[in-house]
Amino acid sequence: MSEVTVRQATVDDLPAVQKLATGLMVSHLPYDPLLEKDWYYHAAGKKYVLTSLKGRNHVCFLAEIDGQAVGYLRGSLCNETWLRVKRSELDNLFIADAYRRHGAGNKLLAAFRDWSQQKGAKKIKVVVSALNKEALPFYEMNGFKTRQLEMEAEI
């Protein structure tokens, strides 16, 4: 397999990001069956992606192998004026199944760390499903620690 390269995505990459983001939604359905798997093709989902492709305080990186998009990361700066430290948030990270465990996730995360640092962030936060047994060790190996626990109840 060829080398994984990472670059910042542009508006021209919208179709590739939508396809990968839909893969993320489908992969998360076992953890949250309420997800709308085609959301990234709806107006709100498209706008969400375009914000990361155009925005100053949002970013999207693509992982590619031989020019083919195999993964992506979307992140943003947090607007948390109640904290004494500036943080960024890793909103989405997804690698297509066939390309996992080849370093794409680590390279995407490294690019996001660099971007976050350039923006003045001192910490990165990420929300991960407690049921996602594949993602949790990845984030822990990359220095993430549990800070909060989100809970939900039926009404």
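Numbering of residues starts from 1 in each chain and follows the order in which that chain's sequence is written. Owing to the predicted nature of the model, reporting of local features is limited to residues with pLDDT of at least 70; listing and counting of side-chain atom pairs is limited to 80 or more, with chain, interface and lining totals taken over all residues. Hydrogens and water are ignored here; the side-chain numbers use all heavy atoms of the structure.

**As for helix 2 (residues 43–54)**
Here comes step 1: Elements are defined by DSSP. Helices are runs of H or I of four residues or more, strands are runs of E of two residues or more, and each kind is numbered from the N terminus. Here the expected span of a helix is defined as 1.5 Å times the quantity of residues minus one. Compared with the 16 Å implied by 1.5 Å per residue over 12 residues, the 16 Å span of helix 2 between its first and last C-alpha is a close match.
Here comes step 2: Buried means the residue's accessible area, taken with a 1.4 Å probe over protein chains only, is under 20% of the maximum for its type, while exposed means over 50%, and partly exposed covers the values in between. Along helix 2, the positions that sit buried rather than exposed are G45, V49, L50, S52 and L53. One side of helix 2 carries all its buried residues, which in axial view fall inside an arc of 160°. Looking at helix 2, the residues exposed on the side facing more than 90 degrees away from the buried face are A43, K47 and K54.
Here comes step 3: The inward-facing, buried residues of helix 2 contact helix 1 (14–28), strand 2 (58–65) and strand 3 (68–77). An arc is given here, and it is the one of the directions from the helix axis to the C-beta atoms. The criterion used for residue contact is that any of the two residues' heavy atoms lie within 4.5 Å.

**Some words on the side chain of S76**
Here comes step 1: Its location among the elements puts S76 in strand 3.
Here comes step 2: N or O atoms closer than or at 3.5 Å make up a polar contact, with two conditions inside protein: a donor-capable atom paired with an acceptor-capable one, and, for residues adjacent in sequence, both atoms drawn from side chains. Polar side-chain contacts of S76 include one of 3.2 Å to the side chain of D91.
Here comes step 3: Contact partners of S76, with chain neighbours within four places excluded, come to N57, H58, S88, E89, D91, F112 and W115.

**Some remarks on the nonpolar core**
Here comes step 1: The set of buried Ala, Val, Leu, Ile, Met, Phe, Trp, Tyr and Cys residues whose side-chain atoms join them within 4.5 Å is what this entry labels a nonpolar core. Judged by nonpolar contacts, the single largest core of 23 residues is most densely connected at F61, L73, L90, L93, L108, F112 and Y139.
Here comes step 2: Counting residues per element, the ones that place at least two in this core are strand 2, strand 3, strand 4 (87–95), helix 3 (104–118) and helix 4 (135–141).
Here comes step 3: Among the elements that make up this core, the one with the highest residue count is helix 3 (six residues).
Here comes step 4: Non-local contacts of L90, meaning those with residues more than four positions away in its chain, are made with L73, R74, G75, L109, F112, I124, K125, V126 and Y139.

**As for the pairing of strand 3**
Here comes step 1: In terms of burial, strand 3 is largely enclosed, as eight of its 10 residues are buried.
Here comes step 2: DSSP calls a pair of strands paired once it identifies at least 2 bridges connecting them. Relative to strand 3, strand 2 runs antiparallel, the two being bridged by eight bridges. Within strand 3, the position partnered with E64 by the bridge is A69.
Here comes step 3: Linking strand 2 back to strand 3 in an antiparallel pair, the connection comprises two residues, with D66 at a positive phi of about 50°.
Here comes step 4: Summarising the sheet, strand 3 and strand 4 pair through seven bridges and their orientation is antiparallel.

Functional significance is not addressed by these values, which are geometric in nature.
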